[in-house]
Amino acid sequence: MKHIFIGGTSFTGSTLIGMILGAIPGVANVGESNWLVPRLGEADASPKLWRGYESMEHCRLCGSACEVWTKEFRMDLQRNPVDWFERLAARLGTNVLVSSEKETPLVNALDPQKRYAALILFREPGQFWSSIRKRPWRQDTIQQATRRWTAAYSEFLEDTYRPEGGKIFMNVDAFQTQPAHRLRVLLELLGIEADVESVLRYWESQQHYVGGNFNVYRELENRGAASLALRPPEALSLAAKEHDFIQNHEAAEIYQRLLNQTPGLSEPVAAAPI
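Thresholds applied
- Residues numbered from 1 in each chain as written.
- Predicted model: local features only at pLDDT ≥ 70, side-chain atom pairs only at ≥ 80, totals over all residues.
- Heavy atoms only, no water.
- Buried < 20%, exposed > 50% of the residue type's maximum accessible area, 1.4 Å probe, protein only.
- Helix = DSSP H or I, 4+ residues; strand = E, 2+ residues; numbered from the N terminus.
- Pairing = 2+ DSSP bridges.
- Axes fitted to C-alpha atoms, helices over the stretch in contact; angles between N-to-C directions.
- Parallel < 35°, antiparallel > 145°, perpendicular 65-115°, else oblique.
- Left-handed = near helix turned anticlockwise from the far one by under 90°.
- Contact = heavy atoms within 4.5 Å.
- Phe/Tyr/Trp six-rings, centres within 6.5 Å; stacked < 30°, edge-to-face > 60°.

Overview of the pairing of strand 1 (residues 2-7)
Counting buried positions over the six residues of strand 1 gives five, a clear majority of the element. Alignment of strand 1 against strand 3 (residues 96-102), held across five bridges, turns out to be parallel. Note on strand 3: the bridge partner recorded for Phe 5 is Ser 99. Pairing of strand 1 with strand 4 (residues 117-122) involves four bridges; the strand directions are parallel. Following the sheet pairing, Ile 4 is matched in strand 4 by Ala 117.

Structure below.
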């Protein structure tokens with residue numbers, strides 16, 4: 001079984017990229033699998049943990065009535081989380097599983113041996129802050145958000161972080177601008193064959209995944225599939241103080257390192273071969 005873990009930070013495209021990969025025949029996207037249980041890493045399946053089951057995270061396709069992620073299966077995962085991803089793959093009937101827990105502590109708690117390939121998504125730190133700022137429920141300051149972004153990618157870049165299947169770094173801002181070209185490069189690196197144009201109509205596929213960015217689902221439900229077609233990111237608009245803060249922060253240096261990690265995928269659009 002091949003497991004592709006999507007890493008990154010919030011609002012960096014993990015829901016989108018997971019859905020795109022999950023649209024490939026023979027590949028299944030589980031989403032943020034940590035949401036399948038109420039307490040990750042605890043072998044406790046007592047009934048009290050499952051009170052309010054209806055209000056928990058459920059399959060985005062089926063809801064709480066999903067016949068794949070049943071309550072019984074999820075309780076068994078809580079009780080015995082060994083071989084977590086192998087069991088999810090078997091449940092979905094796939095040999096290639098995509099998950100998007102995003103954070104290394106989460107995925108490594110579920111697979112301490114790191115038997116996965118890491119697809120690490122990143123955006124320019126100013127774009128990341130712009131996405132945070134648009135969410136009124138987020139209370140992050142620019143200092144907090146930039147510090148969190150820097151810590152996450154510093155860890156991904158560490159030589160000591162060595163998943164068995166290697167690391168691929170992908171610039172999501174550039175992917176949105178050149179989706180077909182960048183997807184071809186990504187699939188070649190992953191060793192997956194697929195019709196790129198069909199895969200980019202990812203909204204036509206039915207996927208049993210959990211968690212993710214609610215805005216993606218709302219777009220699909222309220223405005224239809226056309227609203228999910230890939231398009232370049234919006235032009236960045238930051239106040240001078242915000243721009244100066246990010247440019248003078250360690251994040252700017254980390255971002256430059258990220259741009260040089262995976263030829264054909266991590267560079268900005270202007271530097272990428274067509």
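As for the pairing of strand 4
When you tally the buried positions in strand 4, you get six out of six residues, the bulk of the element. The side-chain alternation of strand 4 yields two buried faces, one formed by Ala 117, Leu 119 and Leu 121 and the other by Ala 118, Ile 120 and Phe 122. The pairing of strand 4 with strand 5 (residues 167-171) spans five bridges and is classified as parallel. Its bridge partner being in strand 5, Ala 118 is matched across the sheet by Lys 167.

Details of the packing of helix 2 (residues 71-79) against helix 3 (residues 84-92)
Their axes nearest at 11 Å, the elements helix 2 and helix 3 cross at an angle of 165 degrees. In terms of orientation, helix 2 lies roughly antiparallel with respect to helix 3. Judged by the sense of rotation from one axis to the other, the crossing of helix 2 with helix 3 is right-handed. Contacts between helix 2 and helix 3 involve Phe 73, Asp 76 and Leu 77 from the former and Trp 84, Arg 87, Leu 88 and Arg 91 from the latter.

What about the packing of aromatic side chains?
Considering all chains together, one arrives at eight aromatic pairs under this definition. Between Tyr 153 and Phe 156, the aromatic rings sit 5.9 Å apart at their centres with planes inclined by 50 degrees, giving tilted as the arrangement. Remark: Phe 156 and Tyr 153 occur in helix 6 (residues 142-157); sequence separation between them is three residues, near one turn of the helix. On the basis of relative accessibility, which here comes to 0%, the residue Tyr 153 falls in the buried class. A residue is classified by how much of its surface remains accessible, and Phe 156, at 2% relative accessible area, is buried. Where Tyr 202 meets Trp 203, the ring centres are 5.2 Å apart and the plane angle is 70 degrees; that geometry is what we call edge-to-face. Counting every residue linked through ring pairs, the aromatic cluster contains Trp 149, Tyr 153, Phe 156 and Tyr 161.

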